[in-house]
Amino acid sequence: MDQEMQRLAWHAANLMNVHLKKKVTVKKLLGKEKDVTKAEKEKKFAELTQKLSK
């Protein structure tokens, strides 16, 4: 079942990427990868710099 979902997501991503500027991945379609907002990136970066400065 998982392999079939992977294959369907691959086909869907190929069809979508023909028409979209921002590319869609199989992982994004399956919910395994999420889009990270700019605020979340800044928060993670601040946390990393804080850990490195110790």
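Calculation rules
Residues numbered from 1 in each chain as written. Predicted model: local features only at pLDDT ≥ 70, side-chain atom pairs only at ≥ 80, totals over all residues. Heavy atoms only, no water. Helix = DSSP H or I, 4+ residues; strand = E, 2+ residues; numbered from the N terminus. Rg over C-alpha atoms; globule rule 2.2 N^0.38 Å. Buried < 20%, exposed > 50% of the residue type's maximum accessible area, 1.4 Å probe, protein only. Areas by Shrake-Rupley, 256 points an atom, 1.4 Å probe, with all protein chains shown as cover. Expected span 1.5 Å × (residues − 1). Contact = heavy atoms within 4.5 Å. Arc of directions from axis to C-beta.

## So, the overall build of the protein
Item 1. Broken down by element type, the protein carries three helices and zero strands.
Item 2. For 54 residues, the compact-globule estimate of 2.2 N^0.38 gives 10 Å, and the C-alpha radius of gyration of the protein, at 16 Å, exceeds that figure by more than 25%.
Item 3. Taking the principal axes of its C-alpha atoms as reference, the protein extends roughly 45 × 30 × 15 Å.
Item 4. Within the protein, buried positions represent 9% of all 54 residues.
Item 5. Of the accessible surface of the protein, which amounts to about 5200 Å², a share of 60% is contributed by carbon and sulfur atoms.

## Notes on the environment of valine 18
Item 1. Here valine 18 lies in helix H1 (residues 2-19).
Item 2. Here valine 18 falls in the exposed class, since its relative accessible area comes to 63%.
Item 3. On a C-alpha basis, the gap between valine 18 and lysine 38 in space is 26 Å, while along the polypeptide they are 20 residues apart.

## Things to note about helix H3 (residues 38-53)
Along an α-helix, residues three or four positions apart point the same way, because every turn accommodates 3.6 residues.
Item 1. With 16 residues, H3 should cover 22 Å at 1.5 Å per step; its first-to-last C-alpha distance of 22 Å lies within 8% of that length.
Item 2. Of all the 16 residues making up H3, zero are buried; the element is thus mostly uncovered.

## Examining the side chain of asparagine 17
Item 1. Along the chain, asparagine 17 falls in helix H1.
Item 2. Sequence-distant contacts of asparagine 17, defined by excluding residues within four places in its chain, comprise Lys22, Lys23 and Val24.

## Digging into H1
Item 1. Taking 1.5 Å of rise per residue, the 18 residues of H1 would be expected to cover 26 Å, and the 26 Å separating its terminal C-alpha atoms lies within 8% of that figure.
Item 2. When H1 is considered as a whole, its buried residues turn out to be Ala9, Ala13 and Asn17. Taken end-on, H1 shows its buried residues confined to a sector of 60°, consistent with a single buried face. Residues Leu15, Val18 and His19 are exposed on H1 and point more than 90 degrees away from its buried face.

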